[in-house]
Amino acid sequence: MTRTPAECVTKSDIRTEIDRLDAELVAVLAERFGYVRRMAEIKSSPEEALVPERVDEVLDRVAAAAVEAGLDEELARDLWRRLIEWNIDYERRTIAARLGL
């Protein structure tokens, strides 16, 4: 049974809900990474991994969604910036390896 934060009356209740959400977040991040992996297969050069305009677009969209959802905008930007940086590094390494660079 899923509980809202207000319905949690013990630390154990809260930890159970956080654990449930962590599992859901991992599943969603794994799904997202599948698209990153596929992008690395499609791109033809390691330099294509970084598209500054796309990074800005994603960060702006995530920040706006965070504000709408009641999540701190800077937290969302920081989390996604870190995620994007990791994805860019992954793409660069994967593309370079595929091309034998």
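Per-chain numbering applies: the sequence of each chain, read as written, is numbered from 1 onward. Given that this is a predicted model, residues contribute local features only at a pLDDT of at least 70 and side-chain atom pairs are listed and counted only at 80 or more, while totals for whole chains, interfaces and linings are drawn from all residues. The basis for every side-chain value is the complete set of non-hydrogen atoms in the structure, without hydrogens or water.

1. A closer look at the packing of aromatic side chains
Centres within 6.5 Å are what make two rings of Phe, Tyr or Trp a pair, Trp counting through its six-membered ring; a difference in plane orientation under 30 degrees is then read as stacked, over 60 as edge-to-face, and the rest as tilted. Taken as a whole and assessed by the stated rule, the structure comprises three aromatic pairs. Ring centres of Phe-33 and Tyr-90 lie 4.8 Å apart, and the angle between their planes is 70°; on these two criteria the pair is classed as edge-to-face. Here Tyr-90 lies in helix H3 (residues 73-99) and Phe-33 lies in helix H1 (residues 11-42), a separation of 57 residues in the sequence. Ring geometry for Trp-86 versus Tyr-90: centroids 5.6 Å apart, planes at 10°, classification stacked. On the criterion of helical spacing, the pair formed by Trp-86 and Tyr-90 is a turn pair, its members being four residues apart in helix H3. Each residue is assigned to one of three classes by its accessible area relative to the maximum for its type, calculated with a 1.4 Å probe on protein chains only: buried under 20%, partly exposed between the two thresholds, exposed over 50%. Classification of Trp-86 as partly exposed rests on a relative accessible area of 43%. Linked through ring pairs, Phe-33, Trp-86 and Tyr-90 together constitute an aromatic cluster. In DSSP terms, a helix is any run of H or I states spanning at least four residues, a strand is any run of E spanning at least two, and both are numbered starting from the N terminus.

2. A look at the pattern of salt bridges
The salt bridge definition used is simple: a Lys or Arg side-chain nitrogen within 4 Å of an Asp or Glu carboxyl oxygen. Within this structure, the stated rule accounts for 11 salt bridges. In this structure, the salt-bridge partner of Glu-57 is Arg-54, at a minimum N-O distance of 2.7 Å. Here Glu-57 pairs with Arg-54, and both are found in helix H2 (residues 52-69), just three residues apart, close to one helical turn. Notably, a salt bridge pairs Arg-77 with Glu-73, separated by 3.5 Å at the nearest N-O pair. Of this pair, Arg-77 and Glu-73 both sit in helix H3, four residues apart, which is roughly one turn of that helix. With a relative accessible area of 16%, Arg-77 lands in the buried category.

3. Concerning the side chain of Asn-87
Among the structural elements, Asn-87 can be located in helix H3. On the basis of relative accessible area, Asn-87 is assigned to the buried category, the value being 8%. Residue contacts for Asn-87: discarding those within four places in its chain leaves Arg-32, Phe-33 and Val-36. Contacts between residues were defined by any pair of non-hydrogen atoms, one from each residue, lying within 4.5 Å.

4. Observations concerning H1
An expected span of 1.5 Å times one less than the residue number is assigned to each helix. Compared with the 46 Å implied by 1.5 Å per residue over 32 residues, the 46 Å span of H1 between its first and last C-alpha is a close match. Regarding H1, the residues found buried are Asp-13, Glu-17, Phe-33, Val-36 and Ala-40.

5. A closer look at the nonpolar core
Core analysis: the biggest nonpolar cluster contains nine residues, these being Ala-49, Val-55, Val-58, Leu-59, Val-62, Ala-66, Ala-76, Ile-84 and Ile-88. Residue assignment for this core shows that the elements contributing at least two residues are H2 and H3. Ranked by residue count, the leading element in this core is H2, at five residues. Beyond its immediate stretch of four places on either side in the chain, Val-62 contacts Ala-76 and Trp-80. Here, nonpolar core means buried Ala, Val, Leu, Ile, Met, Phe, Trp, Tyr and Cys residues that are tied together by side-chain atoms lying within 4.5 Å of each other. In terms of nonpolar packing, the next biggest core, distinct from the first, is built from five residues, Val-36, Ala-40, Tyr-90 and Ile-95 among them.

Fair warning: the whole summary comes from geometry, so function is off the table for now.
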